[in-house]
There are 2 protein chains.
Amino acid sequence: MKLSTKGRYGLRALIDLAQYSEKEPVSITSIAARQGLSERYLEQLMSMLKKADLIKSIRGAGGGYVLNKDVKDISVGDVLRALEGSLEPVTCSGLDPEEGCEASKECVTKYVWQRINDSINKTVDEIKLDQLVEESKEIQAKGVSPRSEIHCKN
Amino acid sequence: MKLSTKGRYGLRALIDLAQYSEKEPVSITSIAARQGLSERYLEQLMSMLKKADLIKSIRGAGGGYVLNKDVKDISVGDVLRALEGSLEPVTCSGLDPEEGCEASKECVTKYVWQRINDSINKTVDEIKLDQLVEESKEIQAKGVSPRSEIHCKN
DNA sequence: GATTAATCCTAGTAAAATAATAGGGTATGA
DNA sequence: TCATACCCTATTATTTTACTAGGATTAATC
């Protein structure tokens, strides 16, 4: 039940982007440098966020990315689902009656998976990007490692 | 964010065990046959459930496993944590202030991981084994595939 | 128009985790 | 003594993850 680096790095990257893209587009290079991530890997994550219409890109010199929605209209759930795919704890749980596995009728555990799925989605959809950006600004205002060499692995 | 077969098979196995162990110990062989699981793999899962004190074993001929607690005192959370380890969505999230990663102070996302963790645990701890056993009996009473050849992969 | 700074797209690959399989040992009832 | 069952550890095949790499396209600037 672990998130992959896609979800972890991607959420951090998007918070960073939200924080720095108010005046001009933010390049992958700059996000990667601030967050201590591989540029090439981050590129792929940004591509996924773009496909999910959370960000848009400006190509060419001076280009980069900007948000495609207001920070308050992007939830952590939107971000994680874009990067991780469905957050369902199982793949063939028959949560969707159309796509359920063939043993769905006699499946006792499917309600368990359904409830876990619902609670995860509810939780991540309640948290919006603006809250996290605010928090990030506060932490930086307090002067905690403005140019930290320590990078979180999450 | 997927559960492994450990959690999925193990929960099913424990529901099966709870249902059939009222009169006598239930062997791995019989659970594996009913649930369509590998005996050898299931053996490892049962060992984990035993280490977590959820079940106890009776060795030798006629032996098998029985529950070590009342069905109403075993939660899905107990089972999944025994099999999957912590259900935290990240490993070094600094959720525990003692063990947190070194970038913990400046970590914006840790509250997100904390909230996901809390909601998952709350959900799985609310569901007790007795509910699932009841439901399983009902399904079987309705005559849904009493000796089904179709086995759920979850 | 050339250069440079960017995103874009696909493929490949090393490492880690997962899901089993396998072999042999120990206990116990008939 | 034999068959049935749990016990414990090691090995292995497969899958997934987390990158790395190459090269194409776009656009601003010199």
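Anything mentioned here points back to the structure above.
Rules used in this analysis
- Residues numbered from 1 in each chain as written.
- Chains lettered and ligands numbered in written order.
- Predicted model: local features only at pLDDT ≥ 70, side-chain atom pairs only at ≥ 80, totals over all residues.
- Heavy atoms only, no water.
- Helix = DSSP H or I, 4+ residues; strand = E, 2+ residues; numbered from the N terminus.
- Expected span 1.5 Å × (residues − 1).
- Buried < 20%, exposed > 50% of the residue type's maximum accessible area, 1.4 Å probe, protein only.
- Near = heavy atom within 4 Å.
- Polar contact = N/O pair within 3.5 Å; in protein donor to acceptor, adjacent residues only side chain to side chain.
- Nonpolar A, V, L, I, M, F, W, Y, C, P; charged D, E, K, R; others polar.
- Axes fitted to C-alpha atoms, helices over the stretch in contact; angles between N-to-C directions.
- Parallel < 35°, antiparallel > 145°, perpendicular 65-115°, else oblique.
- Left-handed = near helix turned anticlockwise from the far one by under 90°.
- Contact = heavy atoms within 4.5 Å.

Description of helix H5 (residues 110-126) of chain A
The end-to-end C-alpha distance of H5 of chain A is 24 Å, a good match for the 24 Å that 17 residues give at a rise of 1.5 Å each. Turning to H5 of chain A, its buried residues number three or more, namely Lys110, Val112, Trp113, Ile116, Asn117, Ser119, Ile120, Asn121, Thr123 and Val124 of chain A.

Side note on the protein's contact with DNA strand C
Looking at DNA strand C, there are 22 residues lining it, with Lys50, Ser57 and Tyr65 of chain A together with Gln44 and Arg59 of chain B nearest. The sugar-phosphate share of atoms of DNA strand C within 4 Å of the protein amounts to 57%. Within the contact set of DNA strand C, a phosphate oxygen lies 2.6 Å away from a side-chain nitrogen or oxygen of Tyr65 of chain A. Here a phosphate oxygen of DNA strand C and a side-chain polar atom of Ser38 of chain B are 3.1 Å apart. Mapped by element, the contributors of at least two residues to the surface near DNA strand C are helix H3 (39-51), strand E1 (55-58) and strand E2 (64-67) of chain A together with helix H1 (5-20) and helix H3 (39-51) of chain B. When its residues are assigned to classes, the surface near DNA strand C shows seven nonpolar, ten polar and five charged.

Some words on unusual backbone geometry
Residue and element names in this part refer to chain A. Phi at Asp53 takes a positive value of approximately 65°, unusual for a residue other than glycine. Mapped onto the secondary structure, Asp53 falls in the loop between H3 and E1. For Asp53, a relative accessible area of 46% gives the class partly exposed.

What about the packing of helix H1 (residues 5-20) of chain A against helix H4 (residues 76-84) of chain A?
Describing two packed helices takes the angle between their axes plus the distance from one axis to the other. Residue and element names in this part refer to chain A. Two numbers describe how H1 lies on H4: the axes approach to 9 Å, and their chain directions differ by 135°. With respect to each other, H1 and H4 are oriented oblique. Crossing of H1 over H4 shows right-handed handedness. Counting all contacts with H1, which are made through Lys6, Gly7, Gly10, Leu11 and Leu14, the residues of H4 involved are Val76, Val79, Leu80, Leu83 and Glu84. For the contact of H1 with H4, the class distribution of residues is six nonpolar, two polar and two charged.

Limitation: the analysis is restricted to geometry and does not speak to function.
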